[in-house]
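Descriptive analysis of the structure
Below, each chain spelled out in residue letters.
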Amino acid sequence: MSTRSLKLLAPVLVVLVLWFIPAPEGLSQNAWHFLAIFLGVVIGLILEPVPAALVGFTAISVVALLGLVGDSKESVKWALSGFSNSVIWLIFAAFMFAEGYKKTGLGKRVSLLMVKYMGKSTLGLGYAVAFSDLILAPFMPSNTARSGGSIYPVAINIPQIFNSLPDNEPRKIGAYISWVAIASTCVTSSMFLTALAPNLLAVDLIAKSTSHAITWMEWATIMLPLMIPMFLLTPWLTYVLYPPTQKRSPEAPTWAAEELKKLGSVTFKEYLMAGLATVALVLWIFGKELGVDSTILLHR
């Protein structure tokens, strides 16, 4: 039996084993069966025999089909409730924005520009990586998408210029760049409401319990005064506490300039992406005054 088949079988076995175990005292049989399917989903998401979205969709369909959350009418309503949740659609649409940065090459261009103009010293390179993340953060609600899709492809080349790799002089410059990239994205993720998907989920939970929906500007008013000093200190503190042995990096701006030449002039798609991102940000900030939901603004 192939590895993929085993991964596919494991969640099903977990569900079946728990399904036929009697429900603990005080717990209904439907609730116990729901828990069995939920644990099967967790195993499926860990092993990923199929895409995660398909794992979730299959589980929702099974729960609705078996009527574990009520009669047929209630089951259908429950199954479709997620598709009518504006926060979920906001997260989905914003992830599409992140994909747009990657596909158009705008994210990479921003990172290269930061390296070109700030990368003459190792400390400057640290700030270049941090500011690249900061510029993209308001529009990309995933630090993974920002770091992995836009920052990492540029940052990973910098240590290679100086032959500073995990198995060869990592403290020369590579370790410092990596630490700054990790620490900076943690800070920027808290600076803006739309910088991290869990921020939007937290706001939704707060709105349901307090009937007050925190706006983009309210979030920024509280978080920016706290996070800006922390953001500015992060590359410097890393430089002090985990100092690189290479202090100057004149090769990095030269390399970034060459990469920008390869990219060529800014394309129409990049201008369009930047324009749409700017419009979206402005409307996220002032959408409440305009009486338009932020999710609708994104899909437009």
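Residues numbered from 1 in each chain as written. Predicted model: local features only at pLDDT ≥ 70, side-chain atom pairs only at ≥ 80, totals over all residues. Heavy atoms only, no water.

1. Observations regarding the overall build of the protein
Broken down by element type, the protein carries 15 helices and 0 strands. Looking at the 300 residues of the protein, the share that counts as buried comes to 40%. Considering only intrachain contacts with a sequence separation of at least 6, the fraction spanning at least 24 residues in the protein is 71%. Accessible surface for the protein amounts to roughly 16,500 Å². Of this, 70% is attributable to carbon and sulfur atoms. (Helix = DSSP H or I, 4+ residues; strand = E, 2+ residues; numbered from the N terminus. Buried < 20%, exposed > 50% of the residue type's maximum accessible area, 1.4 Å probe, protein only. Contact = heavy atoms within 4.5 Å. Areas by Shrake-Rupley, 256 points an atom, 1.4 Å probe, with all protein chains shown as cover.)

2. What to know about the packing of helix H7 (residues 122-136) against helix H12 (residues 216-241)
Packed helix pairs are specified by the crossing angle of their axes together with the interaxial distance, meaning the distance between the axes. In the contact formed by H7 and H12, the axes pass within 9 Å of each other and the chain directions differ by 145 degrees. For the element pair H7 and H12, the recorded crossing hand is right-handed. Within the contact between the two elements, H7 uses Thr122, Leu123, Gly126, Tyr127, Ala130, Phe131 and Leu134 and H12 uses Phe231, Leu232, Pro235, Trp236 and Tyr239. Of the residues assigned to the contact of H7 with H12, the class counts are 10 nonpolar, 2 polar and no charged. (Axes fitted to C-alpha atoms, helices over the stretch in contact; angles between N-to-C directions. Left-handed = near helix turned anticlockwise from the far one by under 90°. Nonpolar A, V, L, I, M, F, W, Y, C, P; charged D, E, K, R; others polar.)

3. Regarding the pattern of salt bridges
Enumeration according to the criterion identifies 3 salt bridges in this entry. A salt bridge links Asp204 to Lys208; the nearest nitrogen and oxygen atoms lie 3.4 Å apart. Taken together, the positions of Asp204 and Lys208, both in helix H11 (residues 197-210) and 4 residues apart, correspond to about one turn of that helix. (Salt bridge = Lys/Arg side-chain N within 4 Å of Asp/Glu carboxyl O.)

4. Looking at the packing of aromatic side chains
Counted by the stated rule, this structure contains 5 aromatic pairs. Ring geometry for Phe131 versus Phe231: centroids 5.2 Å apart, planes at 90 degrees, classification edge-to-face. Within this pair, whereas Phe131 is found in helix H7, its partner Phe231 is found in helix H12, the two being separated by 100 residues in sequence. A residue is classified by how much of its surface remains accessible, and Phe231, at 2% relative accessible area, is buried. (Phe/Tyr/Trp six-rings, centres within 6.5 Å; stacked < 30°, edge-to-face > 60°.)

5. Things to note about the environment of Met217
Within the element layout of this structure, Met217 appears in helix H12. Here the alpha-carbon distance between Met217 and Phe286, two residues 69 residues apart in the chain, equals 8.1 Å.

6. Details of the nonpolar core
Judged by nonpolar contacts, the single largest core of 47 residues is most densely connected at Tyr101, Val115, Leu125, Ile158, Ile177, Met191 and Phe192. In terms of residue count, the dominant contributor to this core is H12 (7 residues). The residues touching Ile177, leaving out its near neighbours within four places in the chain, are Leu125, Gly126, Val129 and Ala155. By size, the runner-up hydrophobic cluster in this structure holds 8 residues, among which are Val15, Val50, Val63 and Leu68. (Core = buried A, V, L, I, M, F, W, Y, C linked by side-chain atoms within 4.5 Å.)

7. Details of a nonpolar patch on the surface
Where nonpolar side chains cluster on the molecular surface, the patch consists of Leu9, Val12, Leu13, Leu16 and Phe20 and spans about 480 Å² of accessible area. Tracing the backbone shows Leu16 in helix H1 (residues 3-19). The class for Leu16 is partly exposed, based on a relative accessible area of 43%. (Patch = residues over 30% accessible without salt bridge, like charges linked within 9 Å, V, L, I, M, F, W, Y side chains within 5 Å.)

8. Thoughts on helix H10 (residues 174-191)
Within an α-helix, residues lying three or four positions from one another point in the same direction, as the helix has 3.6 residues per turn. Between its terminal C-alpha atoms H10 stretches 26 Å, which fits the 26 Å expected from 18 residues at 1.5 Å a residue. Those residues of H10 that fall on the buried side of the exposure criterion are Gly174, Ala175, Tyr176, Ile177, Val180, Ser184, Thr185, Val187, Thr188, Ser189 and Met191. (Expected span 1.5 Å × (residues − 1).)

9. Brief notes about the side chain of Glu270
Inspection of the secondary structure puts Glu270 in helix H14 (residues 268-290). Owing to a relative accessible area of 3%, Glu270 belongs among the buried residues under this scheme. Beyond its immediate chain neighbours, meaning those up to four positions away, Glu270 contacts Thr104, Gly105, Leu106, Arg109 and Ser265.

10. Structural notes on the confidence of the model for the protein
Per-chain confidence: the protein averages 82 in pLDDT, with 89% of residues scoring 70 or above. Across residues 295-300 the pLDDT falls below 50, and counting only partners more than four positions away or on other chains, this stretch makes 15 contacts in the model. (pLDDT = per-residue confidence, 0-100.)

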